[in-house]
Amino acid sequence: MTNRPLATFTLLTFWLAACGGTEPEAPTSTIVAYEGATLITGDGGPPLGGGVLLVDDGKITAAGLAANVTVPEGATVVDLTGKTVMPTMVDLHGHLGFIQDLSFDYANYTRENIIDQLNRYAYYGVGTIVSLGTDPGELAFTIQAEQQAGTLGGARIHTAFRGIARPNAGPGAPTMRQTALGASTAEEARRLVSEIASTNADFVKIWVDDRGGSVDKLAADLYQPIIDEAHTHQLQVIAHIFYQEDARELVEAGVDGFAHLPRDVEMDDGLVAAIVENDVFVMPNLSISERGQHTAPPSWLSDPLLLESVSPQVVSRIEASFENRNPGSASAAAESYAAMQQSLKKLAAAGARLVLGADTGVQDHIHGFMEHRELELLVEAGLSPAEAITVATSAPAEVLDLNTGLLTPGKRADFIVLNANPMYGISNTKQIAAVYLGGQELDREALRSAW
Ligand SMILES: [Zn+2]
C-alpha cells in the first residue's frame, strides 16, 4: 500500500466514499489522532483535558487542547476519552541481565535475558533504560544497534558499559562486582576512561563507596583524572556515593551526576547549593533504600501489577527476605531513609535537577515495576505528582539529549495510556491501558501470557 501511486489511492477512497454508504472510509493519511484524553506533557505544565495527540511515522506532530489542534482529514482516529496520556519513563539507573526468575547471577547475562528485561521495562511504561556500569562486553551495544536499526523492540537500552572502581570494589552485589573495571593509578584510570570512550557508552560510572569499610574506596587521586579524562571525550561521569563528604568533593571535582543521595546524613545547605550551582543531576534512588527499614513485607508486594511480570515464587522469596530482619539495622535504615527524604526536599526546593534512577535489576528490585514505586516515594517525600512525572520523563531525557520524555512535536511517540489520572494520585501511573513506543502499540497481552 505504501508504494501505491497517490492518484489510485485517492480514486479508490473516492469510490468507497461514493458507493460504500456505511463502509468506513479508508484512511487517506498516515497520521493517527488520539483524541479525548487528558495529556500530561512531561514538562510540569498543567494537564490538558480533552487533548489531541497527533502521531505520524512514529513521531508526535501535535499535542494540545482540541481547540488548538486541527486533525487532518483522513487521519485514523483513536478515541481515548476518559484516559490520561503521559510520556513513557526514562530511567537513568538500571542493571540488565542478572535477574532471571529466582536466580540473581552473572551467568544470567545473556542476550535472551536482556531482551526479555527490556520488554519488562516497556510493559510497565519505561521506554528508555540506562544500564549503569555493569555491561561486560559488546552485547548491550549490539542490542542497542539492532533497536536503532528498527529490528528489535523493547525499552531502548543505553549503557555506561563497565564502570570504574578500585580493584574489586565496584557494585555491592558480589555477582555483579566482576563487571567493574579496576583502577589503582591515575594513569590506569585515564586509560580505562579512553577504553570506555572508544565504545558507544553514554556515561562513565564510578563507585565511590567503601561498603561500610569492607573495600578500598575510590578517592580523589583517581576520580579527578577519571572526570577530567571523561570530559575530554565529552562523556558525563555519574558517581555512586554513600557519604556526604564524598558528594561534596565530587561536586568540586566536576562530577556530572549522582546515582544516589548521600545515605549517611541529611545534606547540608552548602552541598545543596553547590549541586545547584554546578548543575549536577541527582537520582534520589529512594526505593532501594526504603526497603531496608521494613521488618515485615511491604504492601507493594501484594500489588497485582507485580504478578503480571513475576512468578508467585519470586514474590514469596522477596517476602521471605523481609522476615528475620535485625530490628537494629532496620531502624538505622529508617533513620538514613528519613535523612534522604529531607535531602530530597531541600534539593527540590533549591531547584536541583532531579532525575529518575530506580536501580532496578539488582536483586528483587523488579524491572519496570519499581520505577512506579519510585514515583510514589518521590511524592511521599514531598514532590507534587507533576514534579515526580517530570523527574521520570523530560528531566532524565534532557541529560542524554534524547528525543523522548515529552509530548511535544518532533519527539518520538513514546507514551503511556492510563485508565486513571496520576495528578489525582501518583499510583495511577500503574493503571496502564496501553504503552506506545515510536507510535507502535506494545502487545502487552502477549508479553504477559509469555511470563
Ligand atoms: Zn545501581
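Residues numbered from 1 in each chain as written. Predicted model: local features only at pLDDT ≥ 70, side-chain atom pairs only at ≥ 80, totals over all residues.

## Things to note about the overall build of the protein chain
Along its length, the protein chain carries 16 helices and 20 strands. By the compact-globule yardstick of 22 Å for 451 residues, the protein chain fits well, its C-alpha radius of gyration being 23 Å. The dimensions of the protein chain, computed from C-alpha atoms along their principal axes, are 80 × 45 × 45 Å. Taking contacts inside the protein chain between residues at least 6 apart in sequence as the whole, the part at least 24 apart equals 70%. (Helix = DSSP H or I, 4+ residues; strand = E, 2+ residues; numbered from the N terminus. Rg over C-alpha atoms; globule rule 2.2 N^0.38 Å. Contact = placed C-beta atoms within 7 Å.)

## Here we look at the sheet that holds strand S10 (residues 156-159)
Sheet strands associate in pairs through backbone hydrogen bonding, adopting either a parallel or an antiparallel arrangement. Strand order in this open sheet of three strands is S6-S9-S10, and the pairing throughout is parallel. In this open sheet, the two strands that pair with only one neighbour each are strand S6 (89-94) and S10. Geometrically, the sheet is characterised by an average inter-axis angle of 20° between neighbouring strands, direction not taken into account. Across four bridges, strand S9 (residues 126-131) lies against S10 in parallel orientation. When the sheet's bridge partners are listed, Thr128 is paired in S10 with Arg156. Strands S9 and S10 of the sheet are contacted by helix H3 (residues 139-148), whose axis makes an angle of about 140° with S10. (Pairing = 2+ DSSP bridges. Axes fitted to C-alpha atoms, helices over the stretch in contact; angles between N-to-C directions.)

## Brief notes about the domain arrangement of the protein chain
By the assigned domains, the protein chain splits into domain 1 (1-27) and domain 2 (88-405). Computed from C-alpha atoms alone, the centre-to-centre distance between domain 1 and domain 2 is 52 Å. (Domains from an automatic or database assignment.)

## Side note on the packing of helix H5 (residues 186-197) against helix H6 (residues 220-232)
Across the interface, H5 lies against H6 with an axial gap of 8 Å and an inter-helix angle of 35°. Here H5 runs over H6; the crossing is right-handed. Residues Ala186, Ala189, Arg190, Val193 and Ser194 of H5 pack against Asp221, Leu222, Pro225, Ile226, Glu229 and Ala230 of H6. Grouping the amino acids of the contact of H5 with H6 by side-chain chemistry returns seven nonpolar, one polar and three charged. (Left-handed = near helix turned anticlockwise from the far one by under 90°. Nonpolar A, V, L, I, M, F, W, Y, C, P; charged D, E, K, R; others polar.)

## Section: helix H8 (residues 269-277)
Within H8, the full set of buried residues consists of Leu271, Val272 and Ile275. For H8, the angular spread of buried residues about the axis comes to 100°, placing them on one side. Away from its buried face by more than 90 degrees, H8 exposes Asp269, Gly270 and Glu277. On its buried face, H8 sits against helix H7 (244-253), strand S16 (281-282) and helix H12 (327-350). (Buried ≥ 20, exposed ≤ 12 C-beta atoms within 10 Å, placed from the backbone. Arc of directions from axis to C-beta.)

## Overview of the nonpolar core
With 121 residues, the main nonpolar core has Val85, Ile206 and Ile226 as its most contacted residues. The dominant element in this core, judged by the number of residues it contributes, is H12, at six residues. (Core = buried A, V, L, I, M, F, W, Y, C linked by C-beta atoms within 7 Å.)

## Observations concerning the pairing of strand S13 (residues 203-208)
Among the six residues of S13, six are classified as buried, and the element is accordingly described as predominantly covered. At this point the chain moves from S13, through H6, to the parallel strand S14 (residues 236-241), and the crossover so formed is right-handed. (Right-handed = clockwise from strand over helix to strand, strands pointing away.)

## Section: the environment of Thr360
Tracing the sequence through the fold places Thr360 in the loop between strand S17 (353-354) and helix H13 (369-380). Look at Thr360 and you get buried, because 28 C-beta atoms sit within 10 Å. Spatially, the C-alpha atom of Thr360 lies 8.4 Å from that of Leu96, the residues being 264 residues apart in sequence. In this structure Thr360 touches Asp91, Gly94, His365, Ile366, His367, Met370 and Glu371, once residues within four positions along its chain are discounted.

## Points about the confidence of the model for the protein chain
Mean pLDDT over the protein chain: 94, with 94% of residues reaching 70 or higher. Ignoring residues within four places in sequence, the model shows residues 1-21, a span with pLDDT below 50, making nine contacts including any to other chains. (pLDDT = per-residue confidence, 0-100.)

## Details of unusual backbone geometry
We note that Asn168 has phi near 55°; this positive angle belongs to a residue other than glycine. Here Asn168 lies in the loop between strand S11 (164-165) and helix H4 (174-177). One non-glycine residue, Asn324, adopts positive backbone phi at about 55°.

## What about the environment of Leu301?
If you trace the backbone, Leu301 turns up in the loop between helix H9 (286-290) and helix H10 (304-307). Residue classification places Leu301 among the partly exposed positions, given that 15 C-beta atoms sit within 10 Å. Along the sequence, Leu301 and Ala186 sit 115 residues apart, while their C-alpha atoms lie 45 Å from each other. Discounting residues that sit within four places of it in the chain, Leu301 has contacts with Leu306, Val315, Ile318 and Glu319.

## Thoughts on the packing of H6 against H7
It is at 10 Å that the axes of H6 and H7 come closest, and there the two elements cross at 35°. Pair H6 / H7 crosses with right-handed handedness. Contacts between H6 and H7 involve Ala220, Tyr223, Gln224 and Ile227 from the first element and Glu249, Leu250 and Ala253 from the second. The class makeup of the residues in the contact of H6 with H7 is five nonpolar, one polar and one charged.

## Concerning the environment of Phe104
Checked against the element boundaries, Phe104 lands in strand S8 (residues 103-104). Remark: the alpha-carbon pair of Phe104 and Gly74, spanning 30 residues in sequence, is separated by 51 Å. Apart from residues lying up to four places away in sequence, Phe104 is in contact with Phe98, Ile99, Thr175 and Gln363.

## Digging into the pairing of S6
Where burial is concerned, most of S6 is hidden: six out of the six residues are buried. Direction of pairing for S6 relative to S9: parallel, over a ladder of four bridges. Bridge pairing in S9 links Val90 to Thr128.

## Structural notes on H5
The terminal C-alpha atoms of H5 lie 17 Å apart, and with 12 residues this matches the ideal 16 Å at 1.5 Å per residue to within 8%. Within the sequence span of H5, burial applies to Ala189, Leu192, Val193 and Ile196. One side of H5 holds all its buried residues, which, seen down the axis, span an arc of 100°. H5 presents Glu187 and Ser194 as exposed residues on the side facing more than 90 degrees away from its buried surface. Buried residues along H5 sit against S11, strand S12 (181-182), S13 and H6. (Expected span 1.5 Å × (residues − 1).)

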